[in-house]
Amino acid sequence: MTIAAIATAEGTGGVAVVRLSGPGSLGIARAMFSRKGDMQPNVMYPGEIDGGTFRDFGLCVFFRAPKSFTGEDVVEFHCHGGREIARGILKHTFELGARPAERGEFTKRAFLNGKLSLSAAEGMADMIHARSEAEIRAGYLLLHEVLTEEGRRMQEQLTDCLAAAEADIDFPEEDLGTWSRTEIGQTVRAVEASLSELLSRYTAGRKLKEGVRVVLAGRPNAGKSSLFNALLGYDRAIVSDTAGTTRDTLEGELTVHGVRFLLIDTAGLCTGADLIEAEGVRRAEGAIRAADLILYLREKDDGVELPADTPVITVAAKCDLGRRADCDVAVSSRTGEGLDTLRELIYERGYGRENDGVFLLEARHYEALKRAREEVRSARTAIEDGLAAELYLEDLRAARRTLGEITGDTASESVINAIFEKFCVGK
Ligand code: GDP
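Everything numeric in this text was worked out from a predicted model, so none of it was measured.

Conventions adopted
Residues numbered from 1 in each chain as written. Predicted model: local features only at pLDDT ≥ 70, side-chain atom pairs only at ≥ 80, totals over all residues. Heavy atoms only, no water. Helix = DSSP H or I, 4+ residues; strand = E, 2+ residues; numbered from the N terminus. Buried < 20%, exposed > 50% of the residue type's maximum accessible area, 1.4 Å probe, protein only. Contact = heavy atoms within 4.5 Å. Near = heavy atom within 4 Å. Polar contact = N/O pair within 3.5 Å; in protein donor to acceptor, adjacent residues only side chain to side chain. Areas by Shrake-Rupley, 256 points an atom, 1.4 Å probe, with all protein chains shown as cover. Nonpolar A, V, L, I, M, F, W, Y, C, P; charged D, E, K, R; others polar. Pairing = 2+ DSSP bridges. Phe/Tyr/Trp six-rings, centres within 6.5 Å; stacked < 30°, edge-to-face > 60°. Lys NZ or Arg CZ within 6 Å of the ring centre and 35° of its normal. Salt bridge = Lys/Arg side-chain N within 4 Å of Asp/Glu carboxyl O. Axes fitted to C-alpha atoms, helices over the stretch in contact; angles between N-to-C directions. Parallel < 35°, antiparallel > 145°, perpendicular 65-115°, else oblique. Left-handed = near helix turned anticlockwise from the far one by under 90°.

1. Some remarks on the environment of W179
- Mapped onto the elements of the fold, W179 is located in the loop between α6 (146-170) and α7 (181-199).
- Here W179 falls in the partly exposed class, since its relative accessible area comes to 31%.
- Sequence-wise, W179 and E413 are 234 residues apart; in three dimensions their C-alpha atoms are separated by 37 Å.
- If sequence neighbours within four positions are ignored, W179 has contacts with D160, C161, A164, I184 and T187.

Take a look at the structure:
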């Protein structure tokens, strides 16, 4: 069945693209496009597009199966970017036999035709929905099948182990030249280590998707709101020299080296505050508990206590008023001094260069890899305990199947549908 949709965003723009995929695409293009001669694949032709009740001047391109995005015959009409023009052209494709595409149906067809793996399709969605450059880079790696290749490599290692273990069951007395139990054990351990390494990168992936939570902490009047504004480059928080002015938490976005940081300004941490202030302090404490990184505007003997397991940058604020050497960085929100150094420190401690190139950012991938690791771990323990191959074969098979959920080879239909439903129509 041939599907059609507007591939560009709704609204007015320079150009709009109406896309068709399926066996009837070229026939519809011939009926709607003014070009009389043959249409070569992958060539843009200028001409008139028939919108049924009107005509537009534009371009048409045809991609022949299987060398197209979906793996089917694909046609694109590039018309003028008026909403009604694109709608009219789309409507006319329906009159000529196409049906409206569902959300993500082009990409779903590409997946079903083996043009890209499930994780690559998710990477594409990550790129489209990215709110930072680093997220685009992570999505791009997925789109380039980096995770799929990792998954396939581990599946192959497990297949080798399974073959050796099965041979051991069938011909226990013979030396078939296959691996010894030690070699199986080593390979299973290697797969487990690869899985752990991948899983350890999820924290960075989660930070990319949600933004790294950076919380400003310190006593009232330490200069938190001023630093918040200075880092954001605009006045978001109210600054006043009356202690306790910031009673709620405020959020702003800061991007460093393409990574998105959520800067969170809190009420100062103090005791003996009035009721409203006390609520602010409670929220501040909550924000600090959920922080990925704390910017602690430290003052002498301020008695502020912070969670031990969260990274902290100690900041000597208001350095234009006087120097102090007992903090990681000295800054002045008034003169801007030290702000660049602070931004670099925020990047280093809140995200880190070693996370450049992270691609594990989908919860679905994380859950599948975690399950695969449990299955591999259980097989590994059985091997180490000297149990018979029958007792760990099933775990190895299960792990191989679980890894197939990443590529899509063994993902259930409902999982596949749920992924493509998140796409927009026309993608
Ligand atoms: P908060 O209560 O921690 O949010 O502190 P504020 O940002 O509201 O600042 C408290 C007071 O310190 C205000 O009067 C600010 O003008 C002043 N202040 C903040 N940062 C600086 C700075 O870098 N230099 C100077 N000289 N004064 C500052």
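We are not done yet, so read on.
2. Details of the site of the ligand
- The local shell around the ligand holds 17 residues, among which N221, K224, S225, S226 and D320 are the closest.
- N221 places a main-chain nitrogen or oxygen 2.8 Å from an oxygen atom of the ligand.
- Expressed as a share of its isolated accessible area of 580 Å², the protein-covered part of the ligand is 89%.
- Along the lines of polarity and charge, the residues of the shell around the ligand split into four nonpolar, seven polar and six charged.

3. Concerning the pairing of strand β1 (residues 3-6)
- Going residue by residue along β1, you find I3 and A5 tucked away on one face and A4 and I6 tucked away on the opposite face as well.
- Note: β1 against strand β2 (residues 15-21), four bridges, orientation antiparallel. Its bridge partner being in β2, A4 is matched across the sheet by L20.

4. Points about the packing of aromatic side chains
- This model, assessed by the stated rule, comprises five aromatic pairs.
- Geometrically, the ring pair formed by F111 and F420 is tilted, given 6.0 Å between the ring centres and 35° between the ring planes. With F111 in helix α3 (residues 105-112) and F420 in helix α14 (residues 413-421), the pair connects residues that are 309 residues apart, well separated along the chain.
- When the centroid spacing of 5.5 Å and the interplanar angle of 35° are considered together, the rings of F420 and F423 count as tilted. By the burial criterion, F420 is buried, and F423 matches it.
- Ring pairing ties together the aromatic residues F111, F420 and F423, which thus form one cluster.
- Seen from the ring of F106, R19 lies directly overhead, with NZ or CZ sitting 4.7 Å from the centre.
- It is K427 that lies over the ring of F69; its NZ or CZ is 5.3 Å from the centre.

5. Overview of the pattern of salt bridges
- If you walk through the whole model with that rule in mind, you get 31 salt bridges.
- Note that E95 is salt-bridged to K91, the shortest N-O span being 4.0 Å. Taken as a pair, E95 and K91 lie in helix α2 (residues 83-95) at a separation of four residues, close to a single helical turn.
- For R153, the salt bridge goes to E150, with nearest N and O atoms at 3.5 Å. Here R153 pairs with E150, and both are found in helix α6, just three residues apart, close to one helical turn.

6. Side note on the sheet that holds β1
- Strand order across the open sheet formed by six strands is β3-β4-β5-β2-β1-β6, with mixed pairing between neighbours. Unpaired on one side and paired on the other, β3 (44-50) and β6 (99-100) mark the two borders of the sheet.
- Sheet analysis places strand β4 (residues 55-63) next to strand β5 (residues 74-80), joined by five bridges and oriented antiparallel. Along β5, the bridge assignment pairs V61 with E76.
- The strands touched by α2 within the sheet are β1, β2, β3, β4, β5 and β6, with β1 carrying the most contacts at an inclination of about 175°.
- In the packing of α3 onto the sheet, contacts are made with β1, β2 and β6, and the angle to β1 comes to roughly 135°.

7. What about the environment of A382?
- Mapping A382 onto the fold places it in helix α12 (residues 363-384).
- Separated by 354 residues in the primary sequence, A382 and I28 have C-alpha atoms spaced 61 Å apart.
- Excluding residues within four positions of it along the chain, A382 makes contact with L387 and Y392.

8. Regarding the packing of α12 against helix α13 (residues 390-407)
- Between α12 and α13, whose axes approach to 8 Å, the crossing angle comes to 165°. The angle between α12 and α13 places the two elements in the roughly antiparallel class. α12 and α13 meet at a crossing whose hand is left-handed. From α12, R364, H365, A368, L369, R371, A372, E375, V376, S378, A379, A382 and I383 reach across to α13, where they touch Y392, D395, L396, A398, A399, T402, L403, E405 and I406.
- A class-by-class count of the residues in the contact of α12 with α13 yields 13 nonpolar, three polar and five charged.

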